[in-house]
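Structural overview
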Amino acid sequence: MRNRPTAGRARLALAVAVVLGGGALTALPAQAAPAADGLTVQYRTSASGATADQTEPWLKVRNTGSSTVQLSQVKIRYYFKADSPNTSYRFACSWAVRGCSAVTGTFGTLSNPTATADRYLEVGFTSAAGTLAPGADTGDLQLRFYQSNWQTLRQSDDYSFDGARTSYGDWDKVTAQLAGATVWGTAPEGNDPTDPTDPTDPPGGGQTLFDDFDYGSHTDPALSAHGWSVRSNSGGPGVPGATWDPSKVTFASAGGNSVMNLETSTAGTGASTTQTEVLTKSMKFRNGTYAARVRFSDAPKSGPDGDHLVQTFFTINDLKAPMADDYAEYDFEYLPNGGWGEPSNILYTTSWETYNPDPWQAVNQHSEQRSSYAGWHDLVVTIDDGAITYYVDGQLFGTHGAQYLPERPMSINFNQWLIDLNGQTSTTPRAYDQQVDYVLHVKDQVLTPAEVAAKIAGYRAAGTGFVDEVPAS
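Here the structure is a predicted model, which means the values were calculated and not measured. (Residues numbered from 1 in each chain as written. Predicted model: local features only at pLDDT ≥ 70, side-chain atom pairs only at ≥ 80, totals over all residues. Heavy atoms only, no water.)

This next bit is on the overall build of the chain. For the chain, the count of helices and strands is two helices and 31 strands. Burial analysis of the chain (473 residues in total) assigns 56% to the buried set. At a minimum sequence separation of 6, the contacts of the chain that also span at least 24 residues come to 75%. Carbon and sulfur atoms make up 48% of the accessible area of the chain, which amounts to about 17200 Å² in all. (Helix = DSSP H or I, 4+ residues; strand = E, 2+ residues; numbered from the N terminus. Buried < 20%, exposed > 50% of the residue type's maximum accessible area, 1.4 Å probe, protein only. Contact = heavy atoms within 4.5 Å. Areas by Shrake-Rupley, 256 points an atom, 1.4 Å probe, with all protein chains shown as cover.)

Moving on to the side chain of Thr264. Looking at the element boundaries, Thr264 is found in strand β19 (residues 257-266). Side-chain polar atoms of Thr264 contact the backbone oxygen of Gln416, separated by 2.8 Å. Excluding residues within four positions of it along the chain, Thr264 makes contact with Thr274, Gln275, Thr276, Leu309, Gln416, Trp417, Leu418, Arg430, Ala431 and Tyr432. (Polar contact = N/O pair within 3.5 Å; in protein donor to acceptor, adjacent residues only side chain to side chain.)

A word on the environment of Pro134. By the element assignment, Pro134 lies in the loop between β9 (131-132) and β10 (141-147). Residue classification places Pro134 among the partly exposed positions, given a relative accessible area of 39%. Pro134 sits 71 residues away from Asn63 along the chain, and the two C-alpha atoms are 5.2 Å apart. Beyond its immediate stretch of four places on either side in the chain, Pro134 contacts Asn63, Gly65, Ser66, Ser67 and Thr68.

With that settled, the discussion passes to the packing of aromatic side chains. What characterises a pair of aromatic rings is the spacing of the ring centres plus the angle enclosed by the ring planes. One pass over the structure, following the stated rule, counts 28 aromatic pairs. With centroids separated by 5.9 Å and ring planes inclined at 90 degrees, the aromatic side chains of Tyr79 and Tyr159 adopt a geometry described as edge-to-face. Linking Tyr79 in strand β5 (residues 74-80) with Tyr159 in the loop between β11 (153-154) and β12 (169-170), this pair joins segments that are 80 residues apart in sequence. We classify Tyr79 as buried; its relative accessible area is 0%. Plain terms: the ring middles of Tyr89 and Phe107 are 6.0 Å apart, the flat faces sit at 40 degrees to each other, and that makes the pair tilted. Here the residue Tyr89 occupies a position in strand β6 (residues 89-96), and Phe107 occupies one in strand β7 (residues 103-109), the gap between them amounting to 18 residues. Ring pairs connect the aromatic residues Tyr43, Tyr78, Phe80, Tyr89, Phe107, Phe145 and Trp171, which therefore count as one cluster. The ring of Tyr120 carries the charged tip of Arg77 above its face, separated from the ring centre by 3.9 Å. (Phe/Tyr/Trp six-rings, centres within 6.5 Å; stacked < 30°, edge-to-face > 60°. Lys NZ or Arg CZ within 6 Å of the ring centre and 35° of its normal.)

Per-residue pLDDT for the chain averages 88, and the proportion of residues at 70 or more is 90%. This stretch, residues 196-205, has a pLDDT under 50; its non-local contacts, to residues over four places away or in other chains, come to 27 contacts. (pLDDT = per-residue confidence, 0-100.)

With that settled, the discussion passes to helix α2 (residues 449-461). Since the α-helix advances by 3.6 residues per turn, residues separated by three or four positions end up pointing in the same direction. For α2, built from 13 residues, the straight-helix expectation of 18 Å at 1.5 Å per residue is met to within 8% by its first-to-last C-alpha distance of 18 Å. Taken together, the buried positions of α2 are occupied by Pro449, Glu451, Val452, Lys455, Ile456, Gly458 and Tyr459. Where α2 terminates, the next one or two residues include Gly463, which has phi positive at roughly 75 degrees. (Expected span 1.5 Å × (residues − 1).)

Further remarks concern the sheet that holds strand β3 (residues 57-63). As summarised here, the arrangement of the five strands in space is β6-β10-β3-β1-β12, forming an open sheet in which the pairing is antiparallel. The strands lining the two open edges of the sheet, one partner per strand, are β6 and β12. With two bridges connecting them, strand β1 (residues 39-45) and β12 associate as antiparallel partners. For Gln42, the partnering residue across the bridge sits in β12 and is Asp170. (Pairing = 2+ DSSP bridges.)

Time to look at unusual backbone geometry. Glycine aside, residues mostly have negative phi, and peptide bonds are mostly found in the trans state. Going from Gly236 to Pro237, the amide bond is cis rather than trans, its omega being 5 degrees. Along the chain, Pro237 turns up in the loop between β16 (228-230) and β17 (243-244). For the peptide bond that leads from Asp358 to Pro359, omega is -5 degrees, which places it in the cis range. When you line up the elements, Pro359 lands in the loop between β24 (346-357) and β25 (360-369).

Moving on to the sheet that holds strand β13 (residues 174-178). Strand order in the open sheet made by the five strands is β7-β8-β5-β13-β14, with antiparallel pairing throughout. Each edge of the open sheet is held by one strand with a lone partner, namely β7 and β14 (181-184). Neighbour-to-neighbour, the strand axes of the sheet open up by a mean angle of 30 degrees, direction not taken into account. Pairing between β7 and strand β8 (residues 119-125): seven bridges, direction antiparallel. Looking at the pairing, Gly108 lines up with Tyr120 of β8. (Axes fitted to C-alpha atoms, helices over the stretch in contact; angles between N-to-C directions.)

Set out below in structure tokens:
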């Protein structure tokens, strides 16, 4: 994490935004269970050759049940054989009746490869896609995917492909899930789409770190034994003269789950400012899926509001030298009161290639949304061989290019700190809270937000509060 220049639009983020809010620890919102009956999926191809520049599965989803379906709870999987073990793919939506912005596409690896499938494209919908009434269908989903290097691909050996299907018809070689239950189609043998809910069987065999943050205090021996460090050393980012106070990292129960709380406070001077950070002691995390459930806040739990606060969840490694090309950092950062030239609340996601601290120069890509994110949010970032993809509450937030992919492993971090003291000049003490419900990393596997939620539910149903299978780098 670094201090950014206050000038202009250098938004170079150093931390992933995931914070929790002010006030007392509050219960996690319940997630409603969907009503479900049945779906069918119709398929045709717009690229029928044995080889093609890109595979073009066009799909329609029909509600064959008697209840209205939320499309955000529907997932469709198209199964295919990768052209080589290291091939990476990109997804695109050419046109959709519901709007391409409401359609998502992510890739996964099958736990049990077959002669015709070792990968799948999972198609989902954001809440903007709306609902599907009984008897209705989505209309066209004109989708495509291609190799990241744009080499010709072979599709004649793909499980879900049929070059003879040039008009829509029911196709059971794609599967559909509704709220995690498979309601249509047959997956390649040994690959039930619901398998990722098994907490002991991560998709594709990826090793997992999961922590429910069930600890007594920052001095709990288990916290260190589980690989976490609570920061106490001086230095940036943040207000000059501020300290990092381990005692302000506490743990409590909220809504039946254990929650980690990070408190940051100030009385308007550097000497009175205390900040908080919790990070893994090991840099052993690289490609795969990262997720955390955090609570952002727009107001302090006590004292006057207005400080330029940063609430984060991020991965990072060390900068070996100015502009070193093996640096990496992937951030969620929430600024409830603005800062870095922004006048009010803003959520950033940022992928870093490198930077020079003095004079300031940075190479990164970011996405942002200028609105309030107060409350609990599910944050997911996936890193594969082709892109870095960020999700907030199951919806795509931003996709960043391959030039920002990590060359070295990283640590996983949460912190809360003050950019400066210009947002609120009062000397009245004030304090802010950031809360974290859980953290998850699955090594070398890209999970959808729905798969992340299912995996967390599986761990909790099994009574598993911590697991770390990720090998040292």
